[in-house]
Each structure stands twice: as structure tokens, then as C-alpha cells.
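# Secondary and tertiary structure notes
Here is what each chain is made of, one letter per residue.
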Amino acid sequence: MATPADPLSRRRSLGLLLGGAPALLLGGCALNGVGEAVGTVTQPLNERIEALLQGKGKLPEFRPSQVDPAALLINSFNGTPEIDPGGYRLAVAGLVSRPQRLDLTALAALPQHQCVIRHVCVEGWSAVVAWSGPRLADVLALAGLSPLAGYVFIESADQYYESWDLASALHPQTLLATHMNGAPLPAANGAPVRLATPIKLGYKLSKWVTGLKLMATLGDRRGYWEDQGYEWFAGL
Amino acid sequence: MPASTKRPMAPIRYAPLWTRAFHSFNLLVILLMAASGLQIYNANPVFGGRGGATVPELFTLGGWLAGGRDWHFGVMGLYAANLGVWIGLLIRQRHQRLAAMGDLGTLRASSNTPKRRLAVHRLVYTLMLIVLGFSLITGLAMYKPAQFWWLVAPFSFAEAAGHDSWQVLRVCHLATIPAIALLLGAHVVLSWRVGGLRLWRSMAV
């Protein structure tokens, strides 16, 4: 059959196949660094499509009977901060006409909404949760948004930080939740105030929120996890 | 094998370059999607959650969760486009044969072994397309569960039995990896039996 001159005899081909397999696996490890470049190239387009997909209207919700408290896992990059509810203030600053320092009474005086939605973690798990509290849009409206505002920078008591596009922040199901599953928010879940929405991955939903700052552009600090490589838009 | 060892071999008829390139590119894209998918799996194993067994690092791509997601969502566009072209080509080429009960009819009626083998092989890669299409649907449903809630809805069939639609989706999406691995194995074995090394070489780039 194949002569020795044949550069791809059956024997050689099999040898190449066997020899090539480990090289492929080693190559896989070397490719890990390339992933970041792949993300840099493709993420802007993905994020643009995600923003286009995201409507301004309400999304369907779950039935309260579908809530599964045990499914909701606790994630925090830096433990649980201690916050005195009496001394708590939510600062709204930046590109606003009336900067605010809201206490919990002021937040409770705003119209209260409940969302029964799926909380999806970037790790892959999810949990149906009933969140309630005022809409983030109502809180921002108190402060009077400047037309220049395009992004919201969110500060937390545990030094976690996030930034959102304004359209997602103004979504009717984006809440500053003070209650979870009908009871006051537990400390580990972000008491007294955390973000909740059906349209973002869990790492966008800051716990222990203490400050909202309206900005015209995204700064260098885009989010604790985003600055380490996670996608910024993170829409669902 | 049909090829005679006594006659001098005819020169290998290579498939057109674009076919070979497309074939290799498909393999590469599927490997990248599977390996990066297993990297994402390891962040929270579908079976066992945080305490569950993880996939060996050898089979993963990306190094950590964000790296795996970079690859998975970076390549998904190519994956979907490839799949579209592939399905389009097959529908165009096989429309008559499939519609006229070509391969299925052969399997039912013919006792000609090489002919049956060829028919089985064509059915195998038709099944591959169905599995890959299913992975795309389950993947999209988990990528945008809020916007594509209607895509998630069909997977809530097991909710009465206590299985959340999300877990069903995760299992379905993961199951496409062993399914495609089996079909890939069948594809390799069958192509060997249909055309031997000559067929392999005719498709190599």
C-alpha cells in the first residue's frame, strides 16, 4: 500500500494522532491566557446585543409558591458588614439636581413593590426569590436626574462596588430591596438595602448599598468582579 | 473494505478546500465550546452544587470562571453561525434523499452492507446537528432566561415532580456533551469503515 516515501502513511498518521493528543491538551492550558483577548474582542458586541434585547417593560414573574429559600446561596467577597439601621443613610449624589441622604423611613415612605423573580448567579445556580422595596427609579427620581447621567455607580458598606447603565437602573422591576420572601432582609442577604432585579446576574446586585452616584461615563472602577475579568453588562 | 490492495491506488480525491476547512473549523469550535463549558460547570457543578465533583482541569479551558465565560460567549456566535451554515447545506443537499425516505428506507429494505453503513453514517451526522441545535437552544435559555422566558418555559415540565426548570436546563445543556462525544465516536468509526484512511485524508486540511 503506502510506500515509505508517502509522507502520510497509515502508520505515520496514527502516530501523529497519538502524538498530537497530548500536545492539544497542553495547548489547552496555554490557551487560558488567550481567553481574556477573546473576551476583549467579543464582549462589546455581546453587550450591545444584550442591551438591545432588554426591553423597558415588565418581565413575567414567578408565583409566590415557587419561591425556594434554600436555593439562595450566600456570596460575599468580604464577609458581612455591621450596619446600624438607625444610623443608616443612602447617599444619592453625582449628576443630580437634589443630592439626597435617605434614611430607612424615607425609603419605606416611597411606593413599595414586590418582584418574584429568578436570581441567577454567574456560577450557574439560581433561586426564585420574592424581593420587595422601593423602585430604584423612584429613589433616583427623588434626587432629580441630570440629562447627562448615563451610569450609576453603586457603593456598598463592605467596599464592594458596581456600576450600571441607567436603562437597567430605571427598569420597573429593579428594586432597592429591604425585604426578602415577606420578611425584613437578613444581614447576610444585604440588610438593610440591596439591589434586586430579574435583568442582571447576581454579581451586579450589590448588597449593603450605601451610595448611588450618577455619572456621565464609566470610570476605571467598573465593578469589583468586572475589574477582574467578568462581563460588565451581565444582562439576563 | 471495498478498496482492493492489488490494484494500484487511485490518487486521493480531496474534498474541496472550503469543505475541509469548514469541517476542521467545526471540530475546533465544538472542542472550544465543550471545554469552556466544562470550566463554567466547575464553578458550581450541576450535580452536587458547591460540594459536587468537578471536571479535571485537563478537559477545561479558560483557567477560571471568567476565562471560561470569555471563551464560551466569545465563540458562541461562531458556533451558532457554523451550525446555521451546516444545517442549511445539509437541508439543501439531502432534501430529496431524506424526503424520499432515502437513508431510513435503505436501513429498512437494503441488505447491502456498505450501503447500509453509508446510510447509518449520514443519520449519525444528522443526529449530531440535532444535538448541537439542542445545545444552542438550552444555552440561549440559560444565557438570557429573563428576556427569553418563553424559551425556558418548555423546560418546566418536571416542576410538578420537584425539578426546577433551571436545573432541567442545566442537565439538558450538559447532556449534549456526552451525546455529541458518542456521536463523534460513531462518526469517526463509521467514516473509517466507509472509506478508511483515504476518506480521512480526503477531509484533512
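Residues numbered from 1 in each chain as written. Chains lettered and ligands numbered in written order. Predicted model: local features only at pLDDT ≥ 70, side-chain atom pairs only at ≥ 80, totals over all residues. Heavy atoms only, no water.

### A short note on the nonpolar core
Core analysis: the largest hydrophobic core is formed by 39 residues, its most contacted members being Leu72(A), Val122(A), Trp131(A), Leu201(A) and Tyr203(A). Of all the secondary structure elements, the ones that give two or more residues to this core are strand E3 (112-120), strand E4 (126-134) and strand E7 (175-177) of chain A together with helix H2 (65-99), helix H4 (113-143), helix H5 (149-152) and helix H6 (165-203) of chain B. For this core, the element with the highest residue contribution is H6(B), accounting for 4 residues. When sequence neighbours within four positions are dropped, the list of residues in contact with Leu72(A) reads His119(A), Trp125(A), Ala127(A), Val129(A), Trp131(A), Met180(A) and Asn189(A). (Core = buried A, V, L, I, M, F, W, Y, C linked by side-chain atoms within 4.5 Å. Buried < 20%, exposed > 50% of the residue type's maximum accessible area, 1.4 Å probe, protein only. Helix = DSSP H or I, 4+ residues; strand = E, 2+ residues; numbered from the N terminus. Contact = heavy atoms within 4.5 Å.)

### Remarks on the interface of chain A and chain B
With 47 residues of chain A at the contact, the number on the chain B side is 36 residues. In total, about 3400 Å² of surface goes out of reach between chain A and chain B, with carbon and sulfur atoms giving 59% of it. For the pair chain A and chain B, the number of links is 3 salt bridges. With its nearest N and O atoms 3.5 Å apart, the salt bridge here joins Lys144(B) to Glu50(A). Here chain A is connected to chain B by 14 residue pairs in polar contact (both at pLDDT 80 or more). Listed by contribution, the elements that provide at least two residues to the side of chain A that touches chain B are helix H1 (10-31), helix H2 (34-53) and E3 of chain A. Counting residues per element, the side of chain A that touches chain B draws most heavily on H2(A), at 10 residues. Of the residues that constitute the side of chain A that touches chain B, the class distribution is 22 nonpolar, 18 polar and 7 charged. (Buried area = accessible area lost by both parts, 1.4 Å probe. Salt bridge = Lys/Arg side-chain N within 4 Å of Asp/Glu carboxyl O. Polar contact = N/O pair within 3.5 Å; in protein donor to acceptor, adjacent residues only side chain to side chain. Nonpolar A, V, L, I, M, F, W, Y, C, P; charged D, E, K, R; others polar.)

### Focus on the environment of Gly144(A)
Within the secondary structure, Gly144(A) sits in the loop between helix H4 (136-143) and strand E5 (151-156). Excluding residues that lie within four positions of it along the chain, Gly144(A) makes contacts with Leu95(A), Val96(A), Ser97(A) and Arg98(A).

### Quick look at the packing of helix H3 (residues 102-109) of chain B against H4(B)
Residues and elements named next belong to chain B. Running from N to C, H3 and H4 point in directions that differ by 140°, and their axes come no closer than 9 Å. Classed by the angle they form, the pair H3 and H4 counts as oblique. Between H3 and H4 the crossing geometry is left-handed. In contact with Asp103, Leu104, Thr106 and Leu107 of H3, H4 contributes Lys115, Arg116, Ala119, Val120, Arg122 and Leu123. Here the contact of H3 with H4 is built from residues that sort into 5 nonpolar, 1 polar and 4 charged. (Axes fitted to C-alpha atoms, helices over the stretch in contact; angles between N-to-C directions. Parallel < 35°, antiparallel > 145°, perpendicular 65-115°, else oblique. Left-handed = near helix turned anticlockwise from the far one by under 90°.)

### What about unusual backbone geometry?
Residues and elements named next belong to chain A. Geometrically, the link from Ala191 to Pro192 is a cis peptide bond, its omega value of 5° lying close to zero. Topologically, Pro192 is positioned in the loop between strand E9 (183-184) and strand E10 (194-196). Positive phi values are uncommon outside glycine, yet Asn181 reaches one of about 50°. Considering the arrangement of structural elements, one finds Asn181 in the loop between strand E8 (179-180) and E9. Classification of Asn181 as partly exposed rests on a relative accessible area of 30%. Positive phi values are uncommon outside glycine, yet Trp208 reaches one of about 50°.

### Focus: the pattern of salt bridges
One pass over the full model with this rule turns up 6 salt bridges over all chains. A salt bridge links Asp164(B) to Arg118(A), with the nearest nitrogen and oxygen atoms 2.9 Å apart. Separated into two different chains, Asp164(B) in the loop between H5 and H6 and Arg118(A) in strand E3 make up a pair that spans both. Through salt bridges that share partners, Glu162(A), Lys204(A) and Glu226(A) make up one connected network.

### Quick look at the sheet that holds E8(A)
Residues and elements named next belong to chain A. One open sheet holds the 4 strands; their spatial order is E3-E4-E8-E9, and the pairing between them is antiparallel. The outermost strands of the open sheet, each flanked by one partner alone, are E3 and E9. When E4 meets E8, the two strands line up antiparallel, connected through 2 bridges. Bridging from a neighbouring strand, Trp131 pairs with Met180 of E8. (Pairing = 2+ DSSP bridges.)

### What to know about the sheet that holds E5(A)
Residues and elements named next belong to chain A. What the 5 strands build is an open sheet, ordered E2-E1-E11-E5-E6; its pairing is mixed. The open sheet has two edge strands, strand E2 (100-102) and strand E6 (161-165), and neither has a second partner. Taking each pair of neighbouring strands and ignoring which way they run, the sheet shows an average axis angle of 15°. Examined bridge by bridge, E5 and strand E11 (residues 209-215) share 6 bridges and lie antiparallel to one another. When the sheet's bridge partners are listed, Val152 is paired in E11 with Leu214.

### A short note on the side chain of His121(B)
In this structure, His121(B) sits in helix H4. Discounting chain neighbours no more than four positions away, the residues touching His121(B) are His187(B), Leu190(B), Ser191(B) and Val194(B).

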